Amino acid sequence: MKKLQVLFAALLLTTTLLPACAPATADCASEAVFCVGLVTDIGKVKDRSFNQSAWEGVQQTEKDLGALVQYIETRDAKDYAQNINTFAKENYDVIVTVGFNLREQTREAARSYPNIKFIGIDQDQSEGTIENVAGLIFPEDKAGFLVGALAASMSKTHTIGAVCASDEVPPVWRLGEGYKAGAAYVDELNGTMTEVFVIYHNDVGFDTTFIDPEWGVKTAKAMIDQGADVVFGCGGTTGNAGIVAAAQADTYAIGVDTDQYWTIPDAAPLMLSSAMKLITPGVFELIKLARDHSFPSGDYLGHVTYAPYHDQDNEVPAEVKAMMEEINAGLLDGSIKTNVPPVKP
């Protein structure tokens, strides 16, 4: 049965619908069956970053809550609504949509299907609260600030870079600008002056900006040629390609969204850290609240942190480690501000 399902999925032209384990004939309308569907942004569910972190949160509900789980991989932005409606028409209990680009289609579907709970990752609800929609959002500026401070502290050339998707996507903007702010904070502490290259992939549409590894490699190499000895990647496979290129050039790499030491082996030996958005636990928590009839509406704030130093642990001086702990604590208690606006002015 599973082989037939995988074969069928491979034949779909616009999307990929893959059952995780449950039969396609399961009755999601039944109160005895708890169904959770995930719709990715453009790209694969196993993107080693954003989509994958969200899917792992959904998979955890299969393990811990006994949920029936499936995902649809989006191949074209015009299919966002269709993909969401595929699950809605099957009476799924919860539909998770991944990324800011799906916000309007998610809200529209929620109005059409008021009995289904919708979780929009990186989708702020500033346009108004809808009772059955929760936007899982993060203070990405703080995550960017942390790794920017680390990058500036570890740079021997006092030149660092970031390969990012479009800054028209608010979370990407916050990561990139937070990175700059973190470096500036360290410069003020240490009396140094760090040159920071943060390059946003604004010359293409949303359907390409996150999935352009060729541009990511080219941009990272250009930064390194200009002296950057730390490169941060923030933007799907575009950013991933940038940090792989950095590692291959014997340059420190910094990942994003998840601890990419574990997901990008080609960059792992020189992975200094990652700007982590705790997406997996945030997704699981919201789905559990939906199952327990305690679903929150509106914005739901997740948490951020920075990843361990892994193979580079011995290379990071004790005073830098202590500084990172102090900065993290200051960001948490509010004594340190990033001063990054939530959206591009």
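Reading guide: rules and limits
- Residues take numbers from 1 onward in each chain, read along the sequence in its written order.
- Only residues with pLDDT of at least 70 are given local features in this predicted model, and only at 80 or more are side-chain atom pairs given and counted; all residues enter the totals for whole chains, interfaces and linings.
- Think of the side-chain values as coming from all heavy atoms in the structure, minus any hydrogens and water.
- Only DSSP runs of H or I covering at least 4 residues are called helices, and only runs of E covering at least 2 are called strands; the numbering of each starts at the N terminus.
- Radius of gyration means the value over C-alpha atoms here, while the globule rule gives 2.2 Å times the residue count to the 0.38 power.
- Each residue is assigned to one of three classes by its accessible area relative to the maximum for its type, calculated with a 1.4 Å probe on protein chains only: buried under 20%, partly exposed between the two thresholds, exposed over 50%.
- Contact criterion: two residues are considered in contact whenever any of their non-hydrogen atoms come within 4.5 Å of each other.
- Counted as salt bridges are all cases of a side-chain nitrogen of Lys or Arg within 4 Å of a carboxyl oxygen of Asp or Glu.
- Only strands that DSSP links by at least two bridges are regarded as paired with each other.
- For helices, the fitted axis covers only the stretch in contact; all axes are lines through C-alpha atoms, and the angles between them, taken along N-to-C directions, range from 0 to 180 degrees.
- Counting rule for disulfides: a pair of cysteine sulfur atoms within 2.5 Å.
- What we call a nonpolar core is a set of buried Ala, Val, Leu, Ile, Met, Phe, Trp, Tyr and Cys residues that are connected through their side-chain atoms within 4.5 Å.

Caption draft 1: Just the overall build of the protein chain, in detail. For the protein chain, the helix and strand inventory stands at ten helices and 13 strands. Computed over C-alpha atoms, the radius of gyration of the protein chain comes to 20 Å, within 12% of the 20 Å expected from 2.2 N^0.38 for 345 residues, which places it in the range of a compact globule. When the backbone C-alpha atoms are referred to their principal axes, the protein chain occupies close to 65 × 40 × 35 Å. Counting every position in the protein chain, which comprises 345 residues, the buried fraction comes to 57%. Considering only contacts within the protein chain whose residues lie at least 6 apart along the sequence, 67% involve residues at least 24 apart.

Caption draft 2: Structural detail: the pattern of salt bridges. In total, this model carries 15 salt bridges according to the counting rule given. Asp124 is paired through a salt bridge with Arg103; the nearest N and O atoms lie 2.9 Å apart. Of this pair, Asp124 sits in the loop between β5 (117-121) and β6 (133-137) while Arg103 sits in helix α4 (residues 103-112), and the two are 21 residues apart along the sequence. The class of Asp124 is partly exposed, set by a relative accessible area of 21%. For the salt bridge of Arg291 with Asp292, the shortest nitrogen-to-oxygen distance reads 2.9 Å. Residues participating in the shared-partner salt-bridge network are Arg103, Glu104, Arg107, Asp124 and Glu127.

Caption draft 3: Seen up close, the sheet that holds strand β9 (residues 230-234). On the basis of which strands lie adjacent, the open sheet formed by six strands has the order β8-β7-β9-β10-β11-β13 and mixed pairing. Single-partner strands in this sheet number two, and they are β8 (195-200) and β13 (304-306). Taking the axes of each pair of neighbouring strands and ignoring which way they run, one obtains an average angle of 15° across the sheet. Sheet strands touched by helix α5 (residues 140-154): β7 (159-164), β9, β10 (252-257), β11 (271-277) and β13. Its angle to β11, the strand with the most contacts, is close to 165°. Taken strand by strand, helix α7 (residues 213-225) contacts β7, β8 and β9, and its axis lies near 170° from that of β7.

Caption draft 4: Representation of the state of the cysteines within the structure. Counted under the stated rule, the structure contains two disulfides. The disulfide that involves Cys164 links it to Cys234, with 2.3 Å between the sulfurs. When the S-S torsion is 65°, as for the bridge of Cys164 with Cys234, the disulfide is right-handed. With a gap of 70 residues between them, Cys164 in strand β7 and Cys234 in strand β9 connect regions that are remote in the sequence. If one numbers only the bonded cysteines of the protein chain, in the order they occur, the disulfide pattern is 1-2, 3-4.

Caption draft 5: Summary view of the nonpolar core. Counting residues in each nonpolar core, the largest one holds 80 residues, and the members touching the most others are Ile121 and Phe232. In terms of residue count, α5 provides more of this core than any other element does, nine residues in total. Once residues lying within four places of it in the same chain are set aside, the contact partners of Phe232 are Val147, Gly161, Ala162, Val163, Leu175, Tyr179, Ile243, Ile254, Gly255, Val256 and Ala275. Counting 19 residues, the second largest nonpolar core, distinct from the first, contains Val39, Leu68, Tyr80 and Val133.

Functional significance is not addressed by these values, which are geometric in nature.
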